[in-house]
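The primary structure of each chain is shown beneath.
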Amino acid sequence: MFDLFHGLDLWVGLSLVLALTFVLAFEFINGFHDTANAVATVIYTKAMPPHLAVVLSGIFNFLGVLLGGVGVAYAIVHLLPVELLINVDTGRGLAMVFAMLAAAIAWNLGTWYFGIPASSSHTLIGSILGVGLANALITDLPLGDGVNWGKAIDIGLSLVASPIAGFMVAGVLLLALKRWLPLSKMHKTPEQRRAIDNKKHPPFWNRLVLVLSAMGVSFVHGSNDGQKGIGLIMLVLIGIVPANFVLDTHSTTYQIERTRDAANHLLVFYQRNEALLGDYLALRRVDIQEDLPANFHCDPTLTVPTIMALQNDLHGVANYADLSAQKRIDVRRYLLCLDDTAKKVARLEGLPAREAADLQRLRADLTATTEYAPFWVIVAVALALGAGTMVGWRRVVLTVGEKIGKQGMTYAQGMSAQLTAVGAIGLANVFSLPVSTTHVLSSGVAGTMIANKTGLQGNTVRNILLAWVLTLPASMLLAAGLFWIGVQIAG
């Protein structure tokens, strides 16, 4: 880990430390901001003592980050356009990172202070979109090229669909429980349980489900939200010290050969589909051996020269560490551009489904050594998120437990909301889509309140919806403004 500071100028090293501190601070804040949602029901229903709940939640968040992979991390990274990812210099990289993180941290702290279950995912994504659009304006790019809109639309749909699904599924699950076991004690609130049965805790089986589902929410929260921190740290490392992190220098010889073979197969694939792709990729050009332009950019008509340049740079290479720093940066640029073009080709009309499936497999092999995270990065994020879960939970627990509905939450409502959140977030992890734990769980609680015919508290719902609506534009504007200021300072 400490090798990354070797050979750095003092100001770059200090900037790197500060940037990493910002990311870990964001994850720590994310921990106490979002974990309240994971433990809200289990604390409110008195299924677990608060301090035991948050400690166990921290442990399961930690495990979720460790075991969650990096699919969601790079879904976040690829919200930025490939041109920005391949041409970031140190000054602009610092401005980009600090703008995103400062905007996300400021909004998260503000909503936490007022006890509003706002979404860290929305905040971070809004910050990234703001930086991408600001970069487009600063560099005179079309706004349409400032953000990877295809990825943004996919993530936007997941962020919108997940709370709607949480609302509906949790409500249906509660209705099923009421129909199946209408006289069960699970339909009592903690206050009713104490007043009628003179007992403090839920019935045993209800308590067990509440505890297990709360830990499940913590685990999937770690595996989804923790990856956002991993993605941010990789942006920091690639933007500030690219030579060491643009490629996974621990890749085996086999992995490097698989990357090189994927490029070879990609060329064969394009030639096989020349009738469809010939003009788009300029496959019939006679000057196909020409060098790539000095100001490298991703252009589908440069696909064949890019493949040839990649093959040349990787010829006989058994270890990425044997490449010079500039060669590693070049190889990453080639791989990202080839992947970006392949993604565009996959969306062209007329490409058979069988061929599109082959192209998807080739893309996975192309990016296998660029989409990674060092183990120390994963552990650092896991520790920050896990530690954050152990503080700051009180403000949001009361909101989720008592202020969403006009009546306190029953045990059945808590179980329904938590089981729904585990399923929805776990499914999102399978498809590498970032979702909001906050929105899924709070919308699930709201769905159970409607299904239980106890109604919703207008003020709380209005505040949650207002935060949901304002988070994206507010974080976009804040990050864009901070990025513009940072670029002016950087020079």
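How each quantity is defined
Residues numbered from 1 in each chain as written. Predicted model: local features only at pLDDT ≥ 70, side-chain atom pairs only at ≥ 80, totals over all residues. Heavy atoms only, no water. Phe/Tyr/Trp six-rings, centres within 6.5 Å; stacked < 30°, edge-to-face > 60°. Buried < 20%, exposed > 50% of the residue type's maximum accessible area, 1.4 Å probe, protein only. 1 Å grid on protein atoms, 1.4 Å probe; cavity = no way out; pocket = protein on both sides within 12 Å on 5 of 7 lines; lining within 4 Å. Points joined across faces, edges and corners; volume = space filled by probe spheres on them. Helix = DSSP H or I, 4+ residues; strand = E, 2+ residues; numbered from the N terminus. Nonpolar A, V, L, I, M, F, W, Y, C, P; charged D, E, K, R; others polar. Patch = residues over 30% accessible without salt bridge, like charges linked within 9 Å, V, L, I, M, F, W, Y side chains within 5 Å. Areas by Shrake-Rupley, 256 points an atom, 1.4 Å probe, with all protein chains shown as cover. Salt bridge = Lys/Arg side-chain N within 4 Å of Asp/Glu carboxyl O. Expected span 1.5 Å × (residues − 1).

Enquirer: An account of the packing of aromatic side chains is requested, with residue identities and associated values reported.
Expert: In total, this model carries three aromatic pairs according to the counting rule given. Seen in terms of ring centroids, phenylalanine 269 and tyrosine 270 are 5.8 Å apart; in terms of plane orientation they differ by 70 degrees. Their pairing is edge-to-face. With relative accessibility at 1%, the residue phenylalanine 269 sits in the buried group. Classification of tyrosine 270 as buried rests on a relative accessible area of 0%.

Enquirer: Go over the layout of surface pockets, please, and point to the residues and values.
Expert: The computed volume of the largest pocket comes to approximately 1,000 Å³. For the largest pocket, the lining is made up of 36 residues, of which Asn148, Lys151, Asp339, Lys343 and Arg363 are closest to its centre. Elements supplying a minimum of two residues to the lining of the largest pocket: helix H3 (71-77), helix H4 (82-86), helix H7 (149-180), helix H14 (325-346) and helix H15 (353-366). In terms of residues, the lining of the largest pocket owes the most to one element, H14, which gives six residues. Along the lines of polarity and charge, the residues of the lining of the largest pocket split into 17 nonpolar, eight polar and 11 charged.

Enquirer: Just give me the short version of a nonpolar patch on the surface, but keep the residues and values in it.
Expert: On the surface, Val160, Ile164, Phe167, Met168, Val169 and Ile450 cluster together to form a nonpolar patch covering roughly 520 Å² of accessible area. With five residues, the single largest contributor to the nonpolar patch is H7. As for its placement among the helices and strands, valine 169 is situated in helix H7.

Enquirer: Please set out helix H19 (residues 437-451) residue by residue, giving values where relevant.
Expert: Since the α-helix turns once every 3.6 residues, residues separated by three or four places project in the same direction. Given a rise of 1.5 Å per residue, 15 residues ought to cover 21 Å, and the 21 Å separating the end C-alpha atoms of H19 matches this to within 8%. Of all 15 residues that make up H19, 14 are buried, and the element is covered over most of its length. Positioned one or two residues after H19, lysine 453 has a phi angle of 60 degrees, which is positive.

Enquirer: Give a description of unusual backbone geometry that names residues and reports values.
Expert: Its identity is not glycine, yet lysine 46 carries a phi of approximately 60 degrees, on the positive side. With relative accessibility at 30%, the residue lysine 46 sits in the partly exposed group. You will see that serine 432, though not glycine, has its phi angle at about 55 degrees, which is positive. Note that serine 432 resides in the loop between helix H18 (411-430) and H19.

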